[in-house]
Amino acid sequence: MATIRHPTEAVTTVISPELKHSVIRAMKRSQDYFARTQSPEGYWWGELESNSTMEAEYLLLTHFLGVGDADTWRKLANHIFETQRADGTWGQYYGSPGDLSTTIECYFALKLAGASLNDPRMAKARVFIVSRGGIPKARVFTKIWLALFGQWSWDAIPALPPEMILLPSWVPMNLYDFSSWARGTILPLSIVLTHRPVRPIPEYAVVPELVPRGSNKANDIPGISKLARAQAAFHLVDWLLRRYNSLPWQPLRRLAISKAERWIIEHQEEDGSWGGIQPPWVYSLIALSILGYDVRHPVMRKGIKGFKNFAIEENDSLRMQACVSPVWDTCLAMIALSDSSIPPDSPMLQRAGEWLMRAQVSDGGDWQIKARHASPGGWSFEFSNCAYPDIDDTAEALIALDKVKLRDVCGKNEAIRRGAEWLLGVQSKSGGWGAFDKDNTRRAVAKMPFADFGEMIDPPSADVTAHAVEALVQIGYPLDAPPLSRAVQYLISEQEPDGSWFGRWGVNYIYGTGAVLPSLEAAGADTRSEQVRRAVDWLTTHQNADGGWGESCASYADPALAGKGHSTPSQTAWALIALMAADETKRDAIRSGIKYLTKTQRDDGTWEEKWYTGTGFPGYGTGDKDENVRQQGSELSAGFMIRYDLYRNYWPLMALGRFWRLCANNM
């Protein structure tokens with residue numbers, strides 16, 4: 001089992017013997033947990049939980065492709081019913097209000113699976129749906145699923161021409177103006193919306209009861225807010241595209257579809273997915289099916305089979321993950337173990353480091369469109385995703401590799417060199433980093449009528465930039481180098497008036513602040529500066545009475561909820577890591593947070609965390625915090641929230657380890 005190397009005896013004069021014992025025990029338990037859960041190959045991988053549209057859409061996909069079976073549908077339906085709330089709704093995250101579009105998709109999938117209209121659970125869902133305006137008020141993506149089965153009019157969905165693929169990369173609104181995940185989704189959707197297929201369904205599965213009386217399915221253009229209606233130019237374009245689609249002769253249509261088809265096939269990954277995530281995956285399979293690809297075709301067969309790697313079967317139910325996160329989980333587990341005094345040459349860390357080196361991406365990808373001079377060398381989030389390495393995973397991989405002692409020293413140094421060069425090559429003009437692309441900032445694409453869910457672009461964010469800064473410092477990049485200086489200035493410019501930082505990829509201001517303060521400390525920033533003092537004060541004033549920290553996903557809709565919520569292990573760890581980096585004099589706050597972690601740990605070395613603290617899409621459209629672009633309630637109808645199962649374990653271990661080191665340095 002894992003062991004802890006004890007720091008100097010000076011620690012006994014700094015913290016009480018009781019707290020010292022609690023911290024040692026908590027670290028040992030957590031280290032033992034990671035030791036026994038490491039895969040034979042060396043990685044760690046926890047479940048990525050989102051919402052029940054994953055099961056609903058998978059069920060609908062299998063029906064569309066004709067590959068569904070009663071046993072699979074029953075298990076999917078069982079899980080969908082298990083996640084239904086007492087009020088009959090389904091939501092975007094744990095504890096959220098019911099979401100209309102999510103509830104509609106679950107209801108329709110359950111009917112298709114054979115659920116009775118008279119089932120009390122269905123009746124509750126139906127009451128909620130109708131009370132919220134029914135299908136006409138749902139998002140565009142939900143209406144597309146319904147239109148595929150004749151339950152909504154294709155005429156009431158915005159146009160999306162496949163000809164966009166013919167636009168060169170320097171023309172506004174070209175395919176590469178969209179974020180990596182958006183371009184992989186909208187291109188196959190452009191084929192779907194062009195062909196407008198309708199698959200028959202049994203009479204018992206139709207859902208006319210979800211369209212309130214008086215709704216005009218043919219004329220109601222969905223998902224367009226009052227704000228979007230003001231964008232007359234986009235609606236004019238949509239009107240023109242509809243007229244173009246109705247013409248008997250479209251000179252570029254065949255060429256565009258042919259090129260889009262090749263693009264889709266070329267972007268399929270070895271595991272059968274597209275981009276390693278659910279949306280482009282399902283729509284690519286649907287698009288290829290429309291174009292005549294039989295389910296026995298190698299591309300289709302690989303794509304359908306690949307979903308099994310994302311499925312979790314348990315207690316006669318089946319749930320689907322939107323994505324898998326082995327690289328991310330492995331990097332953060334390695335850092336936590338290293339920070340908690342596991343030796344750098346331990347077999348556990350060496351196995352993980354060797355696996356991580358094998359996971360480095362050596363192929364080119366879409367990121368080269370805007371970073372032509374950058375060489376491959378990043379890491380992706382998933383097991384198999386060569387097309388889309390990302391900055392966050394690359395940053396954490398560099399930190400993790402630098403902390404481990406591998407037998408192949410030259411190979412490790414070369415991997416770090418290549419990773420750092422790629423990281424520097426995709427830095428944006430602002431000094432910050434986005435998640436996947438360099439300078440993916442054309443905000444106009446987020447204002448098109450089609451964009452009523454998720455994010456359409458990938459601008460730099462403070463949290464990703466902070467991780468990149470930490471990584472570059474960790475591997476020895478000069479502190480006065482221009483890329484680092486620009487990045488630090490970007491971080492300072494992104495600070496909120498109250499002293500916090502917005503969290504794009506984690507919930508939310510605690511995550512952003514928890515990322516930025518350690519990066520500023522690493523970059524040599526003055527911890528006595530006004531910016532740091534305001535951030536520290538923000539964190540300490542948002543500590544809960546139990547010593548922990550927490551923040552609801554609803555803070556993405558209501559900034560007044562920033563830093564407020566039930567205490568969670570991961571968010572408590574983020575706050576502690578930030579405070580210890582920026583101001584170790586906040587001993588009472590730090591000790592209270594550490595006590596919260598030691599008291600809430602379970603005997604098996606894990607923590608419980610039902611609340612969602614990961615973010616896929618805040619639902620702002622543009623990918624950054626702009627309240628004028630997206631208005632939504634606390635249900636986050638335009639967002640996509642995530643619960644990483646391992647967040648509850650490696651972040652607390654990281655915080656405990658850094659606290660232990662701080663004590664050793666005479667806190």
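Every value quoted in this text rests on a predicted model; they were computed, and no experiment measured them. Chains are numbered independently. Their residues run from 1 in the order of the written sequence. Under the rules for a predicted model, residues below a pLDDT of 70 receive no local features and side-chain atom pairs below 80 are neither given nor counted, while totals for whole chains, interfaces and linings still include all residues. Side-chain metrics in this entry use all non-hydrogen atoms of the structure; hydrogen atoms and water are not considered.

A closer look at the overall build of the chain
Moving on, step 1. For the chain, the count of helices and strands is 23 helices and 5 strands.
Moving on, step 2. Relative to the compact-globule value of 26 Å for 667 residues, the chain shows a C-alpha radius of gyration of 25 Å, a close match.
Moving on, step 3. Taking the principal axes of its C-alpha atoms as reference, the chain extends roughly 80 × 55 × 45 Å.
Moving on, step 4. For the chain, buried positions account for 63% of its 667 residues. Segments assigned H or I by DSSP are reported as helices when at least four residues long, segments assigned E as strands when at least two residues long, and all are numbered from the N terminus. C-alpha atoms define the radius of gyration, and 2.2 Å times the number of residues to the power 0.38 defines the globule rule. With a 1.4 Å probe rolled over the protein chains alone, any residue whose accessible area is under 20% of its type maximum counts as buried; one over 50% counts as exposed, and the rest are partly exposed.

Notes on the state of the cysteines
Moving on, step 1. Counting rule for disulfides: a pair of cysteine sulfur atoms within 2.5 Å. Enumeration over the complete set of coordinates arrives at 0 disulfides.
Moving on, step 2. Cys-106 provides the cysteine sulfur closest to Cys-553, a residue in no disulfide bond, and the two sulfurs are 17 Å apart.
Moving on, step 3. Assessed through its relative accessible area of 2%, Cys-553 is described here as buried.

Side note on the packing of helix H11 (residues 278-290) against helix H12 (residues 298-306)
Moving on, step 1. Here H11 crosses H12 at 150 degrees, and the two axes come no closer than 11 Å. On the basis of the axis angle, H11 is roughly antiparallel to H12. When the axes of H11 and H12 are compared, the crossing they make is left-handed. Of the residues in H12, those in contact with Trp-281, Leu-285, Leu-288 and Ser-289 of H11 are Val-299, Met-300, Gly-303, Ile-304 and Gly-306.
Moving on, step 2. Classes in brief: Ala, Val, Leu, Ile, Met, Phe, Trp, Tyr, Cys and Pro nonpolar; Asp, Glu, Lys and Arg charged; the others, Gly included, polar. A class-by-class count of the residues in the contact of H11 with H12 yields 6 nonpolar, 3 polar and no charged. Each axis is a line fitted through C-alpha atoms, taken for helices only over the stretch in contact, and angles between the N-to-C directions span 0 to 180 degrees. Working definition: roughly parallel below 35 degrees, roughly antiparallel above 145 degrees, roughly perpendicular at 65 to 115 degrees, and oblique for all remaining angles. Should the near helix be turned anticlockwise from the far one by less than a right angle, the crossing is left-handed, and should it be turned clockwise, the crossing is right-handed. The contact rule is simple, with two residues in contact once any of their heavy atoms fall within 4.5 Å.

Focus on helix H5 (residues 120-131)
Moving on, step 1. How far a helix is expected to stretch is found by multiplying one less than its residue total by 1.5 Å. The end-to-end C-alpha distance of H5, which contains 12 residues, comes to 17 Å, matching closely the 16 Å that a straight helix rising 1.5 Å per residue would cover.
Moving on, step 2. For H5, the complete set of buried residues consists of Met-122, Ala-125, Arg-126, Phe-128 and Ile-129. Seen from one end, H5 has its buried residues packed into an arc of 165 degrees, which puts them on one side. Turned more than 90 degrees off the buried face of H5, the exposed positions are Pro-120 and Val-127.
Moving on, step 3. Contact partners of the buried residues in H5: helix H3 (70-82) and helix H4 (100-112). An arc is given here, and it is the one of the directions from the helix axis to the C-beta atoms.

Quick notes on the confidence of the model for the chain
Moving on, step 1. Averaged over every residue, the pLDDT of the chain is 91; residues scoring 70 or more account for 91%.
Moving on, step 2. Low confidence marks residues 1-13, where pLDDT is under 50. Its contacts with residues over four positions away, or in another chain, come to 30 contacts.
Moving on, step 3. As a per-residue measure, pLDDT reflects the predictor's confidence and takes values from 0 up to 100. Low pLDDT, under 50, characterises residues 218-230; the predicted model gives this stretch 29 contacts beyond four residues in sequence or across chains.

Brief notes about the sheet that holds strand S5 (residues 640-644)
Moving on, step 1. Here we have 3 strands laid out as an open sheet, ordered S1-S5-S4, and antiparallel in their pairing. Every interior strand has two partners, whereas the edge strands, strand S1 (48-49) and strand S4 (614-617), have only one.
Moving on, step 2. Note on pairing: two strands pair once DSSP finds at least 2 bridges between them. Pairing of S1 with S5 involves 2 bridges; the strand directions are antiparallel. Directly across from Glu-49, in S5, lies its bridge partner Arg-643.

Examining the side chain of Ser-570
Moving on, step 1. Structurally, Ser-570 can be placed in helix H21 (residues 569-582).
Moving on, step 2. You can call Ser-570 buried: its relative accessible area is 0%.
Moving on, step 3. Dropping the residues within four chain positions of it, Ser-570 is found in contact with Glu-609, Thr-613, Tyr-647 and Trp-651.

A short note on the packing of aromatic side chains
Moving on, step 1. Side-chain rings of Phe, Tyr and Trp, where Trp is taken by its six-membered ring, are said to pair if the distance between their centres is within 6.5 Å; with planes under 30 degrees apart they count as stacked, over 60 as edge-to-face, and otherwise as tilted. Applying the stated criterion to the full structure yields 31 aromatic pairs.
Moving on, step 2. Between the aromatic rings of Tyr-511 and Trp-574, the centroid separation amounts to 4.8 Å while the plane-to-plane angle is 70 degrees, which identifies the pairing as edge-to-face. Placement of the pair is Tyr-511 in helix H19 (residues 509-522) and Trp-574 in helix H21, with a sequence separation of 63 residues.
Moving on, step 3. Exposure remark for Tyr-511: the relative accessible area of 2% places this residue in the buried category.
Moving on, step 4. Linked through ring pairs, Phe-381, Tyr-511, Trp-574, Tyr-644, Tyr-647, Tyr-650 and Trp-651 together constitute an aromatic cluster.

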